[in-house]
Amino acid sequence: MSTAAMITRDALSDFAGEIFSSMSRVDQRRWGEVYLRGLLVVEGKKSVRRISEDVLSIPAHQSLQQFINQSPWEWEPVRAHMARYVSKEETPKAWVLSRVAIPKRGERSVGVERRFLPEASRTVNCQIGLAVALAVPSGNLPVNWRLLMPAKWLTDSTLRESAYIPRDVRANPEWVDFVAMLDELEFQWDVCRVPVVADLRHLAEVPELVTELTDRGLDFSFEVDGSLEVLDTAGQRRPVRTVHAARGAFKGAGSALESLGRWCRQTSASCGHRDTMKVVSSLVTLPDNGRRPDGGQGLRVRLLTEVSPSGLAKHSWITNLREHRVDEIVALSRLAQRSKENMKAMENRFGLRDFEGRSYRGWHHHMTMVSAAYAFHRLADRALPTPPG
């Protein structure tokens, strides 16, 4: 009996038919629907064996494993269809950049390496997945992925061949892969541009990323670490946490504010929270670290700082959205935090960590399927009240 005959035609079949339309073979599209359905309905670990048994009630795991790990279907067109589908169903408010650490045992899973994770404050043997999500009312739905590749996986011929890593894959800095994914989203998939937001407190190369996005004319708002340095009027570097953490900051601009910004505004931003936030805004210069050939000092950006009643900086954001209200920018920026909740849901309920293979192709196939399952789940339930995640 064919796999198509074992699956009842329903809304998921229609969804799968649309986003898998780029797959050239009928059997690929059928196995794609089986895997997608398994990610949605199988309880617990989403292993290939459990998916084949629960969805098809027959031992077809070898064929399903072949589809995920070896089958040559291209994941980029599937992601493009998914991005356009999401954009058609709900209007994106932002493109959200995020990353997820996927713990692994052993050293043979593609891209795995022991890394210190600033966000976890510990060293973990893991893969690092980078994602771009469309922030729509139903959630932040990842539509594009990169696997952050350590240099050893590309310079060691044995490792590279064992994971079937394509020749054109490079060990890029994180910000370079983010820019490449944004370019793909806009110029190859024809998704309308919206502001780019992210929590970049872990990223050292924030000026490099900001320079690239500025050159492309993209709007952005990024949460940054307090140690990120900006330039004062004398060209001296200072960490952003010192810019607005001045005594009496809400009573009048102190010397630190006057030296670093052309203007300063006291603002109360509710941003959907019960407690009113105290946010100070000013213009600062972000050094470009020598990337511009004209020798300019750097880029002028807007710095927003949430300040505690005692005057300490709690959160800081940089943005080129100079004409927007402060509460609008903070609300937009906080969409990055929603991505963390959505990624946790994808880990716990949709098999994000459950890829059993070791190949580069298999990893991208699996992450594409997980994203598709999550998008279907969120969009199918959009008419009903749903809990976070």
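Residues numbered from 1 in each chain as written. Predicted model: local features only at pLDDT ≥ 70, side-chain atom pairs only at ≥ 80, totals over all residues. Heavy atoms only, no water.

**Topic: the packing of aromatic side chains**
Scanning all chains against the criterion turns up 7 aromatic pairs. Residues Phe-67 and Trp-73 carry aromatic rings whose centres are separated by 5.3 Å and whose planes lie at 15 degrees to one another, so their mutual orientation is stacked. Judged by relative accessible area, which is 4%, Trp-73 ranks as buried. Summarising the aromatic geometry, the rings of Phe-350 and Tyr-374 are spaced 5.3 Å apart at their centres and angled 75 degrees between planes, so their arrangement reads as edge-to-face. Taken together, the residues Phe-350 in the loop between helix H12 (335–349) and helix H13 (360–380) and Tyr-374 in helix H13 connect sequence positions 24 residues apart. By relative accessible area, Tyr-374 is classed as buried at 0%. Aromatic ring contacts, followed pair by pair, group Phe-15, Tyr-85 and Phe-376 into a single cluster. (Phe/Tyr/Trp six-rings, centres within 6.5 Å; stacked < 30°, edge-to-face > 60°. Buried < 20%, exposed > 50% of the residue type's maximum accessible area, 1.4 Å probe, protein only. Helix = DSSP H or I, 4+ residues; strand = E, 2+ residues; numbered from the N terminus.)

**Concerning the layout of surface pockets**
Empty space within the largest pocket amounts to approximately 640 Å³. Lining of the largest pocket is provided by 24 residues; of these, Arg-99, Val-100, Ala-101, Glu-119 and Lys-340 occupy positions nearest its centre. Of all the secondary-structure elements, those providing two or more residues to the lining of the largest pocket are strand E1 (94–103), strand E3 (122–136) and H12. At 7 residues, E1 tops the list of elements feeding residues into the lining of the largest pocket. (1 Å grid on protein atoms, 1.4 Å probe; cavity = no way out; pocket = protein on both sides within 12 Å on 5 of 7 lines; lining within 4 Å. Points joined across faces, edges and corners; volume = space filled by probe spheres on them.)

**Description of the nonpolar core**
Of all hydrophobic cores here, the largest spans 104 residues; its most connected members are Trp-95, Phe-222 and Ile-318. Ala-94, Val-96, Leu-332 and Leu-335 belong to the second-largest nonpolar core, a separate cluster that totals 16 residues. (Core = buried A, V, L, I, M, F, W, Y, C linked by side-chain atoms within 4.5 Å.)

**Here we look at the confidence of the model for the protein**
Of all residues in the protein, 84% attain a pLDDT of 70 or more, and the chain-wide mean is 86. Across the protein, the element-wise mean pLDDT spans from 36 in helix H10 (residues 255–260) up to 98 in strand E5 (residues 196–199). Low pLDDT, under 50, characterises residues 1–7; the stretch is placed with 13 contacts to residues that sit more than four places away or in other chains. The model gives residues 383–389 a pLDDT under 50, and that stretch makes 10 contacts with residues more than four places away or in other chains. (pLDDT = per-residue confidence, 0-100. Contact = heavy atoms within 4.5 Å.)

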